[in-house]
Amino acid sequence: MWQLSEHKDWTRLEQEFAWVRVMQEVPQHARHHAEGNVAVHTQMVLTALAALPGFQALPLATQEIMWAAALLHDVEKYSTTVVEPDGSITSAGHARKGEARTRQILYREVPTPFTIREQIAKLVRYHGLPLWVFEKPDPQKAVISASLEVDTALLALLARADALGRYCTDQEALLYKVDCFEELCRENDCWGQPRAFATNQAKMHYLHKAGSSPDYVPFEQPQTSVMMMSGLPGAGKDTYVRQHFPQLPVISLDDIRQEMKIKPTDKSGNGTVIQAAKEKARVYLRNKQPFVWNATNITRQMREQLMGLFSIYQAEVTIVYVEVPAARLLQQNKQREAVVPLAAMERLISKLEVPSITEAHNVRIIAGE
């Protein structure tokens, strides 16, 4: 990340990074951004951020994180911006896609320590929340859930800079929304800190049951436990399982695939492999036998499907995410028995979604530097 923020010279950033250069080509709606394109807006946000007393009071390391988040907050507007027939300009979904792009940049292009990278990625993901939280179906749940992934005080600071770094007629209203966001977070004990829950079961119940209270503690207790592995091929999941769960049975999609003689590139065959794995899992779940589910599980959708199965049997799930730096990952992949082709590995890296604490009872991060 320091490669981004060491000099803070826009011309140099444009020279070094294509994703900075392209900002010049992305228009914005004049009603919300009369200053011009995304490049102009981003520079104004960076200037506004540096002038905020709240930013100046931060430790230097946190200032660098905030600066990088401001630089990247609209990085995916180039791929989401649409000029409507009436001339209006929208960029729906740019924050969600921006999180993924930020992760890719800070994993491959500008190698950044895991914890710092994920703080920046989540600030990008939620940068618009303080401005639009009261348009959410459940604003309380929106801020509580976000607090588990991002520091809401830093998020509000970024949103304030975002509002100041533009020319618009509703700037005062935007800043008032940031103030209201802060009050909502304070009321729900999640300002600058994650909302605390009585138990992990209470957290899961609140996040995944509509109309529930964050203070409710379910009477039901988990009936068994599942360790769900997550990580790119070659990251070291198998080694971690052997070292840390030698006593547990393991459901390995790779092993089942080899037993069935189905190639990883066989999409229809992969469905057969997954169904066979789920049948094995049901046996363990019915018998209340803890086990390990060992597969890549690199997208939230993959993990949610499994969580749906495990929750039926009231299992407490721990996601264990294993990561190594990109260069080391590619080297370890070459040493595997079943080497993943480079093009396929690149596609998998582009899809990577790091597990969130909102997805399971527990999330364990094993990130080697």
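Nothing here was measured: the structure is a model prediction, and the numbers come from that model.

Looking now at the overall build of the protein chain. When helices and strands are tallied, the protein chain shows 20 helices and 7 strands. Computed over C-alpha atoms, the radius of gyration of the protein chain comes to 22 Å, within 12% of the 21 Å expected from 2.2 N^0.38 for 369 residues, which places it in the range of a compact globule. Dimensions of the protein chain, computed from the C-alpha atoms along their principal axes, are close to 60 × 50 × 45 Å. In the protein chain, which comprises 369 residues, the proportion classed as buried is 50%. Sequence separation of at least 24 residues holds for 71% of the intrachain contacts in the protein chain that already meet a minimum separation of 6. Surface exposure of the protein chain reaches about 17900 Å², of which carbon and sulfur atoms provide 53%. Distance between charge centres in the protein chain, computed from 41 positive and 42 negative side chains, equals 8 Å.

For the rest of this paragraph, the subject is the sheet that holds strand β3 (residues 224-230). The strands that make up a sheet are held in pairs by hydrogen bonds between backbone atoms, and each pair lies either parallel or antiparallel. Taken together, the 5 strands give an open sheet; going across it, the order is β4-β5-β3-β6-β7, and neighbouring strands pair in parallel fashion. This sheet does not close on itself; its edge strands, each paired only once, are β4 (250-252) and β7 (362-367). Strand-to-strand twist across the sheet, computed as the mean angle between neighbouring axes with direction ignored, equals 20°. Strands β3, β5 (291-294) and β6 (315-323) of the sheet are contacted by helix α18 (residues 300-312), whose axis makes an angle of about 170° with β3.

Side-chain pairs of opposite charge can arise where the charged atoms are in close proximity. Using the criterion set out here, one finds 21 salt bridges in the structure. A salt bridge links Glu99 to Arg125, with the shortest nitrogen-to-oxygen separation between them at 3.9 Å. Placement of the pair is Glu99 in helix α8 (residues 94-109) and Arg125 in helix α9 (residues 114-125), with a sequence separation of 26 residues. The pair formed by Glu99 and Arg125 is uniform in burial state, with each residue classed as buried. Residue Glu149 pairs with Lys122 through a salt bridge whose shortest N-O separation is 2.9 Å. Taken together, the positions of Glu149 in the loop between α11 (139-147) and α12 (152-164) and Lys122 in helix α9 put the pair 27 residues apart, joining distant regions of the chain. Given a relative accessible area of 15%, Glu149 falls into the buried group. Among the residues examined, Lys122 registers a relative accessible area of 11% and is labelled buried. Where salt bridges share partners, they join Glu99, Arg103, Arg117, Glu118, Lys122, Arg125, Glu149 and Glu323 into one cluster.

Within the structure shown, the criterion is met by 7 aromatic pairs. Clustering of aromatic rings is evident, with ring pairs tying together Tyr284, Phe291, Trp293 and Phe310. In this arrangement the basic side chain of Lys8 is found over the ring face of Trp67, its NZ or CZ atom lying 5.2 Å from the centre. Directly above the aromatic system of Tyr126 lies the positively charged group of Arg125, at a separation of 5.0 Å from the ring centroid.

Helix length check: helix α4 (residues 38-51) (14 residues) gives 20 Å between terminal C-alpha atoms against 20 Å at 1.5 Å per residue, within 8%. For α4, the full list of buried residues reads Val38, Ala39, His41, Thr42, Met44, Val45, Leu46, Ala48 and Leu49. N-capping of α4 is provided by Asn37, with a side-chain oxygen placed 3.0 Å from the backbone N of Ala39.

The rules behind the values
- Residues numbered from 1 in each chain as written.
- Predicted model: local features only at pLDDT ≥ 70, side-chain atom pairs only at ≥ 80, totals over all residues.
- Heavy atoms only, no water.
- Helix = DSSP H or I, 4+ residues; strand = E, 2+ residues; numbered from the N terminus.
- Rg over C-alpha atoms; globule rule 2.2 N^0.38 Å.
- Buried < 20%, exposed > 50% of the residue type's maximum accessible area, 1.4 Å probe, protein only.
- Contact = heavy atoms within 4.5 Å.
- Areas by Shrake-Rupley, 256 points an atom, 1.4 Å probe, with all protein chains shown as cover.
- Lys, Arg positive; Asp, Glu negative; His and termini not counted.
- Charge placed at Lys NZ, Arg CZ, Asp CG, Glu CD.
- Pairing = 2+ DSSP bridges.
- Axes fitted to C-alpha atoms, helices over the stretch in contact; angles between N-to-C directions.
- Salt bridge = Lys/Arg side-chain N within 4 Å of Asp/Glu carboxyl O.
- Phe/Tyr/Trp six-rings, centres within 6.5 Å; stacked < 30°, edge-to-face > 60°.
- Lys NZ or Arg CZ within 6 Å of the ring centre and 35° of its normal.
- Expected span 1.5 Å × (residues − 1).
- Polar contact = N/O pair within 3.5 Å; in protein donor to acceptor, adjacent residues only side chain to side chain.

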